[in-house]
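Letter by letter, the chains look like this.
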Amino acid sequence: MSSFQRGQCIQGKWESISRRDFFGVAAAWSAATSMGLALIGLVKFPIPALFPDIARLFKIGKPGDYPVGTEKIFEEKKVVVIRDQEGLYAISLTCTHLGCVVSRQANRFDCPCHGSKFDSIGRVLSGPAPKALPWLKVFQLPDGKLVVNAARSVPTGTKFVVT
Ligand code: FES
């Protein structure tokens with residue numbers, strides 16, 4: 001038997017394996033190993049890089065934390081959350097001109113960098129800002145906590161209705 005030297009032991013019996021089978025098995029192992037290593041790399045990859053929205057989600061508490069008239073600034077997130085009679089909404093504090101953080105005034109937002117002014121709901125009163133401050137998506141988790149998604153804007157005037 002010429003295949004004796006290339007044989008393999010299966011259940012105690014030596015079986016021959018052809019060169020084609022050998023390379024087929026080697027290729028399959030190689031592919032499986034590559035996929036395994038790729039999966040390990042994927043798992044070790046930072047989640048925010050894979051799902052950029054996740055990094056921009058943040059909890060703001062429960063609806064009960066926001067009685068009508070409440071306004072809370074999340075400085076680190078550059079977002080203000082406001083509650084009025086119609087609902088609750090979040091406005092980005094990042095100026096739409098060149099990205100400076102606007103400051104809250106009595107009834108408007110002012111940009112300290114180039115002087116843009118926005119009204120109380122973020123519409124441009126004076127430039128150079130080209131557009132309104134974005135309103136951000138607010139939603140509620142099953143446990144009742146509210147979340148702002150700073151990566152998703154909604155049309156100005158879209159409020160989360162507090163029930
Ligand atoms: S960055 Fe706000 S006006 Fe320029």
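Read on for an overview of the structure. (Residues numbered from 1 in each chain as written. Predicted model: local features only at pLDDT ≥ 70, side-chain atom pairs only at ≥ 80, totals over all residues. Heavy atoms only, no water.)

**Structural notes on the overall build of the protein**
1) Next: What the protein contains, in helices and strands, is 3 helices and 12 strands.
2) Next: Relative to its full complement of 163 residues, the protein shows a buried share of 28%.
3) Next: The contacts of the protein with a sequence gap of at least 6 include a subset with a gap of at least 24, amounting to 36%.
4) Next: When the accessible surface of the protein is split by element, carbon and sulfur atoms take 59% of a total near 10,800 Å². (Helix = DSSP H or I, 4+ residues; strand = E, 2+ residues; numbered from the N terminus. Buried < 20%, exposed > 50% of the residue type's maximum accessible area, 1.4 Å probe, protein only. Contact = heavy atoms within 4.5 Å. Areas by Shrake-Rupley, 256 points an atom, 1.4 Å probe, with all protein chains shown as cover.)

**Notes on the sheet that holds strand E3 (residues 57-61)**
Sheet strands pair by backbone hydrogen bonding; their relative direction is either parallel or antiparallel.
1) Next: Spatial ordering of the open sheet is given by E3-E12-E11-E6-E5-E4, a layout of 6 strands whose pairing is antiparallel. Whereas interior strands pair on both sides, the edge strands pair on one side only; in this sheet they are E3 and strand E4 (71-74). In this sheet, adjacent strand axes meet at a mean angle of 30 degrees when their direction is disregarded. (Pairing = 2+ DSSP bridges. Axes fitted to C-alpha atoms, helices over the stretch in contact; angles between N-to-C directions.)

**Topic: the nonpolar core**
1) Next: Val80, Ile91, Cys95, Val102, Phe109, Phe118 and Leu133 are the most contacted members of the largest nonpolar core, which has 15 residues in total.
2) Next: Core analysis: the second largest hydrophobic core is formed by 14 residues, Ile60, Val79, Val138 and Phe160 among them. (Core = buried A, V, L, I, M, F, W, Y, C linked by side-chain atoms within 4.5 Å.)

**A look at the side chain of serine 92**
1) Next: Along the chain, serine 92 turns up in strand E6 (residues 87-92).
2) Next: In this structure the side chain of serine 92 is engaged in a polar contact, spanning 3.1 Å, whose partner is the backbone nitrogen of threonine 94.
3) Next: What serine 92 contacts, discounting residues up to four positions off in sequence, is Lys78, Leu133, Pro134 and Leu136. (Polar contact = N/O pair within 3.5 Å; in protein donor to acceptor, adjacent residues only side chain to side chain.)

**Topic: the sheet that holds strand E9 (residues 117-119)**
1) Next: The strand order E7-E8-E9-E10 describes an open sheet built from 4 strands, whose pairing is antiparallel. Two strands in the sheet have a free side with no partner beyond their single neighbour: strand E7 (103-104) and strand E10 (124-126).
2) Next: Pairing between strand E8 (residues 108-110) and E9: 3 bridges, direction antiparallel. Bridging across to E9, phenylalanine 109 finds its partner in phenylalanine 118.

**Describing the packing of aromatic side chains**
1) Next: Using the criterion set out here, one finds 3 aromatic pairs in the structure.
2) Next: With 5.5 Å between their ring centres and 55 degrees between their planes, phenylalanine 58 and phenylalanine 74 make a pair best called tilted. Placement of phenylalanine 58 in strand E3 and of phenylalanine 74 in strand E4 is noted, with a sequence separation of 16 residues between them. You'll find phenylalanine 58 and phenylalanine 74 in the same group, each marked buried.
3) Next: On the numbers, 4.3 Å between centres and 5 degrees between planes, the contact of tyrosine 89 with tryptophan 135 is stacked. Of the two residues, tyrosine 89 sits in strand E6 while tryptophan 135 sits in strand E11 (residues 135-140), which places them 46 residues apart along the sequence.
4) Next: Tyrosine 89 sits in the buried class, given a relative accessible area of 6%.
5) Next: Take tryptophan 135: its relative accessible area is 1%, and that puts it in the buried class.
6) Next: The cationic tip of arginine 104 hangs over the ring face of phenylalanine 109; the distance from NZ or CZ to the ring centre is 4.3 Å. (Phe/Tyr/Trp six-rings, centres within 6.5 Å; stacked < 30°, edge-to-face > 60°. Lys NZ or Arg CZ within 6 Å of the ring centre and 35° of its normal.)

**A look at the pairing of E6**
1) Next: In terms of residue burial, E6 counts as a mostly covered element, since 6 of its 6 residues are buried.
2) Next: Judged by which residues are buried, E6 turns out to be covered on both faces: Gly87, Tyr89 and Ile91 on one side and Leu88, Ala90 and Ser92 on the other are all buried.
3) Next: As paired strands, strand E5 (residues 79-84) and E6 are joined by 6 bridges and run antiparallel to one another. Note on E6: the bridge partner recorded for valine 79 is serine 92.
4) Next: Once E5 ends, the chain turns through 2 residues before running back antiparallel as E6.
5) Next: Bridge analysis of E6 against E11 gives 2 bridges, and the strand direction is antiparallel.

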